[in-house]
Amino acid sequence: MSAIKTRGQTEDLPMNEAIAWESVLNRDASADDRLLYGVTTTGIYCRPSCPSRRPKRDNVAFFSSAAAAEHAGFRACQRCTPNRAKSPHRGVERARDYIDTHIGDLGEERITLELLGEQSGLSQYHLQRKFKELLGLTPAQYIRARKSERLKSELKRGETVSRATFGAGYGSSSRVYGDSDKRLGMTPATYRRGGAGAHIDYVTAKTSLGTLLVGATDRGVCAVTLGNDAKTLEAALEQEYPAATRTHVATPSSSLSGWVAEIIEAVDSDRVRLDIPFDIQASAFQWKVWHELQKIPFGETRSYGEIATAIGSPKAVRAVASACANNRAAVVIPCHRVVRQSGALGGYRWGLERKRRLLEKERAIREEGTS
């Protein structure tokens, strides 16, 4: 190995050594593109963001490139791979980790794209583009979704509305009340009480695929589930809204009756299109996926990858699969029409046999119509 430079031999840098050392101590990812440091006792050079233990200052030399560090006799760290092009995936992961870690102690206005760019080591434009490409959401949408999830968790644990609001990272209660209908389907106080004050009428009916449960509030359908028996489906509805007023109605309203008839026709007959309003809480990304599922033509299928591409997030295949798995409106949101790239059925919340039978029926009806 060639001689290793000591601290006094550090080459010219685009910053002074005090700032460079501060970047190393803080694991500053934003400095990764313009600074590397070598540790004379190990002969290894790293990025400032490297997770390895911080060395003593006297054992550190700074470099502006991998070539310069290697010319001085250092070899690349195997953990942070400073001799390779920096992966935007890693930058996105750092930004996401920062949001997850700080969502409860920083107001939304303080988790800015500029701040996330500094944490990720990516430009704001590059971070915005890569974040959406990999996760299916912009950083702002991800922040809102994480706050919504945290708010629900805090409320379910029994926290007061004010504590849950600030614990979830909202700067004021007015912010969360202002858009609570969109995020929770009800106000935070109602959700905290397990849906107390909300009224859900539901109907169960027999279909060729087993028992169907359709539940609705005055805003729209909140549950469409399939199973082997009504008791199991009713228990699942109770688990979601334990304190809501749930009424198993023998004579449903004209709206609910019409929705149930449409859904049964879609399950058992040749109903091609459903136009039913929803009252279902979901993230922006889930709704984006679900809206795309509703565009799949009757009798056809799409792969998870094709859906990811269609919504502009080609690498978010797993996130698409997760959104399908979290669909709570069977048939109405036709997640049964999404299959694996190989053509295999993949998963289905209400059982693969039901998925297979739905697809076979739809294909047969479509072929009849074209013959």
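Check the entry above for the structure.
No experiment lies behind these values; they were computed from the predicted model shown. Within every chain, residues take consecutive numbers counted from 1 along the sequence as written. Owing to the predicted nature of the model, reporting of local features is limited to residues with pLDDT of at least 70; listing and counting of side-chain atom pairs is limited to 80 or more, with chain, interface and lining totals taken over all residues. Hydrogens and waters are ignored; side-chain quantities use all the structure's heavy atoms.

K.L.:
So what's going on with the overall build of the chain? Residues and values would help.
P.N.:
Counting from the N terminus, the helices are the DSSP runs of H or I reaching at least four residues and the strands are the DSSP runs of E reaching at least two. Along the backbone of the chain there are 16 helices and 10 strands. Counting the 371 residues in the chain, one finds 50% classified as buried. Sequence-distant contacts, at least 24 apart, represent 61% of the contacts inside the chain between residues at least 6 apart. Accessible surface, the chain as shown: approximately 18100 Å² in total, 47% of it carbon and sulfur. Note on classification: 1.4 Å probe, protein chains only; a residue is buried when its accessible area is under 20% of the maximum for its type, exposed when over 50%, partly exposed between these limits. Throughout, a contact is declared for two residues whenever any of their heavy atoms are within 4.5 Å. Here, Shrake-Rupley sampling with a 1.4 Å probe gives the accessible areas, and only protein chains in the shown set may cover a residue.

K.L.:
Help me get a handle on helix α13 (residues 284–293), residues and values and all.
P.N.:
α13 sits mainly inside the fold: 7 of its 10 residues count as buried. Taken as a whole, α13 has its buried residues at F285, Q286, W287, V289, W290, E292 and L293.

K.L.:
Summarise the packing of α13 against helix α15 (residues 317–325); cite the residues concerned and give the values.
P.N.:
Interaxial distance between α13 and α15 falls to 9 Å at its minimum, and their mutual angle equals 80°. Classified by the angle between their axes, α13 and α15 sit roughly perpendicular to one another. From α13, F285, Q286, V289, W290 and L293 reach across to α15, where they touch A319, V320, A323 and C324. Along the lines of polarity and charge, the residues of the contact of α13 with α15 split into 8 nonpolar, 1 polar and no charged. Throughout, an axis means a line fitted to C-alpha atoms (over the contacting stretch in the case of helices), and angles, computed between N-to-C directions, take values from 0 to 180 degrees. By the definition adopted for this analysis, an angle is roughly parallel if under 35 degrees, roughly antiparallel if over 145, roughly perpendicular if from 65 to 115, and oblique otherwise. For this classification, the nonpolar set comprises Ala, Val, Leu, Ile, Met, Phe, Trp, Tyr, Cys and Pro, the charged set comprises Asp, Glu, Lys and Arg, and every other residue, Gly included, is treated as polar.

K.L.:
I'd like a rundown of the packing of aromatic side chains, residues and numbers included.
P.N.:
For Phe, Tyr and Trp, where Trp contributes only its six-membered ring, two rings pair if their centres lie within 6.5 Å, and the inter-plane angle classes them as stacked under 30 degrees, edge-to-face over 60, or tilted in between. In the structure shown here, the tally under the stated rule is 4 aromatic pairs. Centre to centre, the rings of F278 and W287 are 5.8 Å apart; their planes meet at 50°, and the pair counts as tilted. Using a relative accessible area of 21% as the deciding quantity, one classes F278 as partly exposed. Assessed through its relative accessible area of 19%, W287 is described here as buried. An aromatic cluster is built from F278, W287 and W290, whose rings are joined through pairwise contacts.

K.L.:
Lay out helix α4 (residues 113–120) in plain terms, naming residues and giving numbers.
P.N.:
Taken together, the buried positions of α4 are L115, L116, G117 and S120. Positive backbone phi, at 80°, marks G121, one or two positions downstream of α4.

K.L.:
How would you sum up the sheet that holds strand β2 (residues 44–46)? Please name residues and give values.
P.N.:
Only strands joined by at least two bridges in the DSSP assignment are considered to pair. Pairing is mixed in the open sheet, where 4 strands are placed in the order β3-β1-β2-β4. Two strands bound the open sheet, and with one partner strand each, they are β3 (60–63) and β4 (75–76). In this sheet, β3 lies alongside strand β1 (residues 36–39) in antiparallel orientation, the contact comprising 4 bridges. Its bridge partner lying in β3, G38 is registered against A61. Packed on one face of the sheet, helix α1 (residues 17–25) meets β1 and β3 and runs near 105° to β3.

K.L.:
Tell me about the side chain of R57, and name the residues and values.
P.N.:
With respect to the secondary-structure elements, R57 resides in the loop between β2 and β3. Classification of R57 as buried rests on a relative accessible area of 16%. Throughout this description, a polar contact denotes any pair of N or O atoms lying within 3.5 Å of each other; where both atoms belong to protein, one of them has to be capable of donating a hydrogen while the other can accept it, and for residues adjacent in sequence the pair is counted only when both atoms sit in side chains. Reaching out from R57, the side chain makes a polar contact with the side chain of E17 at a distance of 2.5 Å.

K.L.:
How would you summarise the pattern of salt bridges if you had to cite specific residues and measurements?
P.N.:
When a carboxyl oxygen of Asp or Glu lies within 4 Å of a side-chain nitrogen of Lys or Arg, that pair is called a salt bridge. Scanning the model with the defined rule gives 8 salt bridges in all. With a closest N to O distance of 3.1 Å, R302 and E300 form a salt bridge. Residue R302 is classed as partly exposed on the basis of its relative accessible area, which comes to 27%. Assessed through its relative accessible area of 22%, E300 is described here as partly exposed. Each of E300, R302 and R366 takes part in a single network of salt bridges with overlapping partners.

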